[in-house]
Amino acid sequence: MLRAEDNKFLTEAGAGTGMGELLRRFWIPVLLSEELPEPDGEPKKITVLGEELLAFRDSRGVVGVIDQYCPHRGANLWLGRNEECGIRCVYHGWKFDTDGRCVDMPTSYPDLSAKDLIRIKSYPVREWGEMIWAYMGPAEAMPELPDLEMALLPASHRYVSKKWQDCNWVQALEGSIDTAHFTFAHLSFEKGENEILDIKKHFVNPLARMSSDHMRWIAEDPRPVIKINPHEAGLTIAGGRLTGGDNIYWRIAQFLMPFHAYAPSAMPGEVIFGQTFVPVTDTNCWIYTYAWNPERPLTQAERDAFDRGNGVIAEVDDNYVPLRHKGNDYLIDRKLQKTKSYTGIKGVSEQDAAVQDSQGPIADRTREHLGPTDLGIMHFRKTVLDAARALQQGEVPPHVAHQDRYAVRSGACVTRRDKDLPAVMLERFGDVAGFVGRPRIAAAE
């Protein structure tokens, strides 16, 4: 468990908080590129780390992320006209460009330079992997964009979406790196003789990439041994389950500082899933969800499946709100829960969201009783807490300087029992951290 003051420190993301300042030292996804589809189109209100901002694509196609309010009389610039490389306030016509500079001030005399003295908050912006990223930290400390593998690949190899979630970002991320919960949260059960053996009886939302053997091992061993390997970009978190023979079935997740996580189920050649957890306020978050295959383009059938919800990707409406959410109790089916499914909820993503939201808007970690399968959670907390506290003492998180080491993979494999985690990683990925790097990715294209 955590002390109350540690839990507060861990979960607060506002400006001036320890964790909030840590998050601001990294590039943060703030929108999908498709949400600003055209130059001079409709601007978007966004809230990121508790800050109310406005995003727009100007006449050149350049995206700006600026303060949502006009500094003249406080009118909301979302009402403004997106025109000729700037947002014009509809109240008195003040106009601001993507850098937050006032480029026109009709209320001032033409011979005065008053507009040159006015500037509103703006953040550097990049588009990367079909997402719009902002850097909200000190300008002199701005790092490179993270080399997430899915962003390095051609667009044909990836699928990107997002979903809303009604809880603090930390508990959502912790759920994603917890490889033990799969046995109950995502498996179904059948009270007949063929229990476990038929994959169709063990998934509410079947994922073809997982074999019946994998499902059986997960069902039969709810206490995976957890192994942790820190690396330059974050943590490898592996859960090993008994197979009934001389082998171990490993499900290997990745946590990348400060808010990225990769799911652990992909076998070689299969689609990999990842998520990025972005605080809106301290009690809700956007989760950017993506799938990619480094070896081939995604098929239309795969994209259609992702649209309908698959793996960590939820089925969402036009506003990226999951169709099964807290407001409608995730459409829980109690009859299904009684007869076949532990949760009675359809969809892996929705099952995760239900249990994470149920912990409360901000989980009270003072009431926890952690066990051996929670080792990954403990290491995650220590990693981010230590980094945030070190930053308060003037020490830049070492991960910031290693954005080129973010090209790692997660996945699954079966190996002999006598192999330690570094040996497993070498066998599965060719690198103890799962690092693949740009050269191999370029070759795959």
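Everything that follows concerns the structure shown earlier in this document.
Conventions used here
- Residues numbered from 1 in each chain as written.
- Predicted model: local features only at pLDDT ≥ 70, side-chain atom pairs only at ≥ 80, totals over all residues.
- Heavy atoms only, no water.
- Helix = DSSP H or I, 4+ residues; strand = E, 2+ residues; numbered from the N terminus.
- Rg over C-alpha atoms; globule rule 2.2 N^0.38 Å.
- Buried < 20%, exposed > 50% of the residue type's maximum accessible area, 1.4 Å probe, protein only.
- Contact = heavy atoms within 4.5 Å.
- Areas by Shrake-Rupley, 256 points an atom, 1.4 Å probe, with all protein chains shown as cover.
- Lys, Arg positive; Asp, Glu negative; His and termini not counted.
- Charge placed at Lys NZ, Arg CZ, Asp CG, Glu CD.
- 1 Å grid on protein atoms, 1.4 Å probe; cavity = no way out; pocket = protein on both sides within 12 Å on 5 of 7 lines; lining within 4 Å.
- Points joined across faces, edges and corners; volume = space filled by probe spheres on them.
- Nonpolar A, V, L, I, M, F, W, Y, C, P; charged D, E, K, R; others polar.
- Pairing = 2+ DSSP bridges.
- Axes fitted to C-alpha atoms, helices over the stretch in contact; angles between N-to-C directions.

Participant: An account of the overall build of the protein chain is needed here, citing residue identities and associated values.
Facilitator: From N to C terminus, the protein chain includes twelve helices and 19 strands. Taken over the C-alpha trace, the protein chain has a radius of gyration of 23 Å; the compact-globule value for 445 residues is 22 Å, and the two agree within 12%. Judged by the C-alpha coordinates and their principal axes, the protein chain covers about 85 × 50 × 45 Å. Among the 445 residues that make up the protein chain, the fraction classed as buried is 56%. Restricting to contacts in the protein chain with at least 6 residues of sequence separation, those with at least 24 account for 62%. By element, 50% of the accessible surface of the protein chain is carried by carbon and sulfur atoms, the whole surface being about 19,100 Å². Positive and negative charge centroids in the protein chain, built from 52 and 63 side chains respectively, lie 3 Å apart.

Participant: So what's going on with the layout of surface pockets? Residues and values would help.
Facilitator: The computed volume of the largest pocket comes to approximately 380 Å³. Along its surface, the largest pocket is lined by 16 residues, and Glu174, Gly175, Asp178, Gln359 and Asp374 are the ones closest to its centre. Those elements giving two or more residues to the lining of the largest pocket turn out to be α4 (169-176), α9 (348-358) and α10 (375-392). Its residues assigned to classes, the lining of the largest pocket shows four nonpolar, six polar and six charged. As a volume, the second largest pocket reaches approximately 290 Å³. Taken together, 20 residues make up the lining of the second largest pocket; nearest its centre are Leu31, Glu35, Lys45, Lys162 and Trp286. Only β1 (27-32), β2 (44-48), β12 (158-165), β17 (272-281) and β18 (284-292) provide two or more residues apiece to the lining of the second largest pocket. Ranked by residue count, the leading element in the lining of the second largest pocket is β2, at five residues. Split by residue class, the lining of the second largest pocket holds 13 nonpolar, two polar and five charged.

Participant: Requested: an account of α9, with residues and values cited.
Facilitator: Of all eleven residues making up α9, nine are buried, and the element is well covered by its neighbours. Within the span of α9, buried status applies to Val348, Ser349, Glu350, Gln351, Asp352, Ala353, Ala354, Gln356 and Asp357. Of the residues flanking the end of α9, it is Gly360, one or two places downstream, whose phi is positive at about 105°.

Participant: Go over the sheet that holds strand β10 (residues 125-128) with me, naming the residues and quoting the values.
Facilitator: Hydrogen bonds between backbone groups are what pair the strands of a sheet, and the pairing can be parallel or antiparallel. Across the sheet, which stays open at both edges, the three strands sit in the order β1-β11-β10 with antiparallel pairing between neighbours. Strand pairing shows two members of the sheet lacking a second neighbour, β1 and β10, which therefore form its edges. Between one strand and the next, the sheet's axes are offset by a mean angle of 35°, whatever the strand orientation. Here β10 pairs with strand β11 (residues 131-135) via four bridges, running antiparallel. Paired with Arg126 across the bridge in β11 is Trp133.

Participant: Account for the sheet that holds strand β8 (residues 102-104), naming residues and giving values.
Facilitator: Taken together, the four strands give an open sheet; going across it, the order is β5-β6-β7-β8, and neighbouring strands pair in antiparallel fashion. Each having just a single partner strand, β5 (81-83) and β8 make up the two edges of the open sheet. Of the pairings in the sheet, the one linking strand β7 (residues 95-96) to β8 comprises two bridges and is antiparallel in character. Bridge pairing in β8 places Phe96 opposite Cys102.

Participant: Explain helix α1 (residues 4-11) to me, using residue names and the numbers behind them.
Facilitator: Here α1 has its buried residues at Asp6, Asn7, Phe9, Leu10 and Thr11. Those residues of α1 that are buried lie in contact with α2 (18-23), α4 and α10.

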